[in-house]
Amino acid sequence: MHERYFYTALVFSAILGSFKKEWLYCFIMLSVIHFFNLYHFWWSPRIPFLVSFLSNLIVIRGIIIVNLIIFVYFLIHFLQDGSFNNNS
């Protein structure tokens, strides 16, 4: 995912994380993924272990899967919250 799309997700997940502890874990995971995403293209400072780790295709696909799982988690909890379908 392009880093510019992560910025808004991090802002809103930080706000949600301050209200609900379960969302805080998702915020932390998104922050780590965002760091890896930024480091993957700039390699500064160059740490050989991270360069080889983040260049592995399995790791890249794993990060994509984790992003999708977090998205589905957020979506399910958003829809279960009831605030989306407030008809009263």
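Residues numbered from 1 in each chain as written. Predicted model: local features only at pLDDT ≥ 70, side-chain atom pairs only at ≥ 80, totals over all residues. Heavy atoms only, no water.

(A) Molecular detail of unusual backbone geometry. For the peptide bond that leads from Ser44 to Pro45, omega is -5°, which places it in the cis range. Assignment of secondary structure puts Pro45 in the loop between helix 2 (21–42) and helix 3 (48–54). Even without a glycine there, the phi angle at Trp43 is positive, about 45°. Tracing the sequence through the fold places Trp43 in the loop between helix 2 and helix 3. (Helix = DSSP H or I, 4+ residues; strand = E, 2+ residues; numbered from the N terminus.)

(B) Representation of helix 2. When the terminal C-alpha atoms of helix 2 are compared, their 32 Å separation across 22 residues agrees well with the 32 Å that a helix rising 1.5 Å per residue should span. For helix 2, every residue scored as buried is listed here: Trp23, Cys26, Leu30, Ile33, His34, Phe36, Asn37, Leu38, Tyr39 and His40. (Expected span 1.5 Å × (residues − 1). Buried < 20%, exposed > 50% of the residue type's maximum accessible area, 1.4 Å probe, protein only.)

(C) Quick peek at helix 4 (residues 57–81). For helix 4, built from 25 residues, the straight-helix expectation of 36 Å at 1.5 Å per residue is met to within 8% by its first-to-last C-alpha distance of 36 Å. Of the residues flanking the start of helix 4, the one acting as N-cap is Asn56, its side-chain oxygen 3.1 Å from the backbone nitrogen of Ile58. (Polar contact = N/O pair within 3.5 Å; in protein donor to acceptor, adjacent residues only side chain to side chain.)

(D) Broad picture of the packing of aromatic side chains. Overall, the coordinates contain eight aromatic pairs when judged by the stated rule. With centroids separated by 6.3 Å and ring planes inclined at 55°, the aromatic side chains of Trp23 and Tyr73 adopt a geometry described as tilted. Taken together, the positions of Trp23 in helix 2 and Tyr73 in helix 4 put the pair 50 residues apart, joining distant regions of the chain. Taking the relative accessible area as the measure of exposure, Tyr73 reaches 27% and is therefore partly exposed. For the ring pair Phe49 and Phe53, a centre distance of 5.9 Å and an interplane angle of 15° mean the geometry is stacked. Placement of the pair is Phe49 and Phe53 together in helix 3, with a separation of four residues, close to one helical turn. With relative accessibility at 59%, the residue Phe49 sits in the exposed group. A connected cluster of aromatic rings, assembled from ring pairs, spans Phe35, Phe36, Tyr39, Trp43, Phe49 and Phe53. (Phe/Tyr/Trp six-rings, centres within 6.5 Å; stacked < 30°, edge-to-face > 60°.)

(E) The arrangement of the environment of Ser18 in detail. Inspection of the secondary structure puts Ser18 in helix 1 (residues 3–19). Side-chain polar atoms of Ser18 contact the backbone oxygen of Ile15, separated by 2.6 Å.

(F) Broad picture of the environment of Leu16. Relative to the elements of secondary structure, Leu16 occurs in helix 1. With a relative accessible area of 35%, Leu16 lands in the partly exposed category. Residues Leu16 and Cys26 lie ten residues apart in sequence; the distance between their C-alpha atoms is 9.7 Å. With sequence-adjacent residues up to four places away left out, Leu16 is seen in contact with Trp23 and Phe74. (Contact = heavy atoms within 4.5 Å.)

(G) Just the environment of Ile63, in detail. Along the chain, Ile63 falls in helix 4. We classify Ile63 as partly exposed; its relative accessible area is 22%. Sequence separation between Ile63 and His34 is 29 residues, and the spatial gap between their C-alpha atoms is 10.0 Å. In this view, Ile63 contacts Ile33, Phe36 and Leu54; residues no more than four positions away in its chain are not counted.

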